[in-house]
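Architecture and fold: a report
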Amino acid sequence: MKILVINSGSSSIKFELFDMPAENRLARGILQRIGEPGSQLTCSIGEVRTRLDQPIATHEQGLGLIVEILTDPARGGIDDDARIDAIGHRVVHGGESFSETALITGEVERAIEANSALAPLHNPPNLMGIRVARRLFPGVPQVAVFDTAFHQTMPEHAYLYPVPLELYDSLKVRRYGFHGTSHRFVTMQAAGFLERPIAETNLITCHLGNGCSMAAVRGGRSIDTSMGLTPLEGLMMGTRSGDIDPALVVFLHNARKLSIAEIDTLLNKQSGLLGVSGVSNDVRTLLEAEAAGNERAARALDIYCYRVRKYIGAYTAALGTVHAVVFTAGVGENSPAIRERVLEGLGPLGYYLDHEANTTAVGRLADISTPDSPARILVVPTDEELLIARDTYRIAAR
Ligand code: ADP
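Computed from a prediction, not measured in an experiment: that's the story for all the values here.

Here we look at the packing of aromatic side chains
The geometry of two aromatic rings is summed up by the distance between their centres and the angle between their planes. Taken as a whole and judged by the stated rule, the model has three aromatic pairs. The interplanar angle of 10 degrees and the centroid separation of 4.2 Å between the aromatic rings of Phe98 and Phe146 together place this pair among those described as stacked. Residue Phe98 is found in the loop between strand S6 (84–91) and strand S7 (102–103), and its partner Phe146 is found in strand S8 (residues 142–146); the two are separated by 48 residues along the sequence. The lysine or arginine in question, Arg174, covers the ring of Tyr159, its NZ or CZ lying 3.6 Å from the ring centre. Positioned above the aromatic ring of Tyr176 is the side chain of Arg174, whose terminal nitrogen or guanidinium carbon lies 4.8 Å from the ring centre.

In structure tokens:
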């Protein structure tokens, strides 16, 4: 069964084609700058790479072009578009409507639309991808995999904010959490690696990429996570502040006369590693700058690592017993230096890093704890697209 996985953003479409259940990746690519100058599609199908620079005005035109390439034998594509058997969509916000992956029906579409108020930048383009795909592939099953779904198992004391309860009742103001597909994928991988039944596995999962979030996972279910109503809360990120005193918004409004929109931009796009370092939002660049003596890069990385440590402490308390701390995503998978800084001195909590194992564990599944560490410390590469393909296959093959 050929399964196309789509992540439709406001001006881009990322896609990947899988052969399931073999889990072979047949193709992957990205179409960028839809409706802007310099639209570009890059794609690799097996060994054949394609790059097209041509104006692409709409998502419809873009997805049409993607399908054309995926089905063009001259570009290494499959030779018949009827052979795309199902489509899996990444959808950012499922609100309280979805605690698991769903076959897309009219009702599901309406629920995604209803949740757009909670993710105005993400759900509308996700929905556009779904509608365009339905027009291009009538009758082909489409499946929605939600970033929020994995965290719907959080207990009320973890998801409610201590603000007037009426705001939850009327506006659904609460913690939702994101990166759920990644936290769920690494949870399954880690339980398998540890040879433990997932229902008896407690983990702290650290997704450290451009966006960063952590989850406390009890018995394979999320019981807390660091992102909240929006992906701004929690850890320090590339350009997002993470946790701050919410009164900062009022303070900036008064002290600098900044508008709400300006403060939103400041906290989401000009803060985090970029805002503190003034150098970059990229951890690799900052590690290099720090090594070259850049003091602001060092300060940014210190704050970044300290905040991950604090959440490890908090989630250790939330879980009681922790079988493993899991590092994933760009930074978590590839940076021994950051992992070392995060975990330094956490022995009393049960986390002992094997420095040599840590150094060599780059981009691969590995246990980087000492044999006598009470809890394991694991590096687990994430693969959100594969999990979307698996979910889509499970639902479409029914
Ligand atoms: P996204 O959230 O966009 O998917 P990624 O998961 O790819 O992002 O993570 C991007 C981050 O990973 C960047 O900060 C990048 O510097 C970092 N990263 C990737 N490789 C390394 C590495 N070898 N050492 C340190 N950081 C790395």
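Picking up after the structure, the text goes on.
Details of the site of the ligand
In the neighbourhood of the ligand, the contacting residues comprise Gly209, Asn210, Gly211, Asp282, Val283, Arg284, Ala329, Gly330, Val331, Asn334 and Ser335. At 3.0 Å from an oxygen atom of the ligand is found a main-chain nitrogen or oxygen belonging to Asn210. Relative to its unbound accessible surface of 580 Å², the ligand loses 68% to contact with the protein. Elements represented by at least two residues in the shell around the ligand include exactly helix H10 (283–291) and helix H12 (329–334). Looking at the shell around the ligand element by element, the count peaks at four residues for H12. When grouped by side-chain class, the residues that make up the shell around the ligand number three nonpolar, six polar and two charged.

Some remarks on helix H11 (residues 295–319)
The end-to-end C-alpha distance of H11, which contains 25 residues, comes to 36 Å, matching closely the 36 Å that a straight helix rising 1.5 Å per residue would cover. Considered for burial, the residues of H11 that qualify are Ala297, Ala298, Ala300, Leu301, Tyr304, Cys305, Val308, Tyr311, Ile312, Tyr315, Thr316 and Leu319. Residue Asn294 occupies the N-cap position of H11, its side-chain oxygen lying 3.0 Å from the main-chain nitrogen of Arg296. One or two steps after H11, the chain reaches Gly320, where phi turns positive at roughly 80 degrees.

What counts and how
Per chain, the residues get numbers from 1 upward, laid out in the order the sequence is written. Reporting in this predicted model follows two pLDDT cut-offs: at least 70 for local features of residues, and 80 or more for side-chain atom pairs to be given and counted; totals over whole chains, interfaces and linings ignore these cut-offs and use all residues. As a rule here, side-chain values come from all non-hydrogen atoms in the structure, and water together with hydrogens is ignored. The criterion for an aromatic pair is that two Phe, Tyr or Trp rings (for Trp, the six-membered ring) have centres within 6.5 Å, with stacked assigned to planes under 30 degrees apart, edge-to-face to planes over 60 apart and tilted to the rest. Helical segments are the DSSP runs of H or I of at least four residues, strand segments are the runs of E of at least two, and each set is numbered from the N terminus. In this scheme, the term charge over a ring applies when either NZ of a lysine or CZ of an arginine sits within 6 Å of the ring centre and within 35 degrees of the ring normal. Throughout this document, a residue counts as near a molecule or strand when at least one of its heavy atoms sits within 4 Å of that molecule or strand. A 3.5 Å cut-off defines polar contacts: any pair of N or O atoms within that distance qualifies, except that in protein one atom must be a possible hydrogen donor and the other a possible acceptor, and neighbouring residues in sequence count only when both atoms are side-chain atoms. To be clear on the numbers: accessible area is Shrake-Rupley with a 1.4 Å probe, and residue cover counts the displayed protein chains and nothing else. Throughout, the ten residues Ala, Val, Leu, Ile, Met, Phe, Trp, Tyr, Cys and Pro are labelled nonpolar, Asp, Glu, Lys and Arg are labelled charged, and all others, Gly among them, are labelled polar. Here, expected helix span is obtained from the residue count minus one, scaled by 1.5 Å. A simple rule labels every residue: compare its accessible area, found with a 1.4 Å probe on the protein chains alone, to the largest value its type can have, and call it buried under 20%, exposed over 50%, or partly exposed in between.

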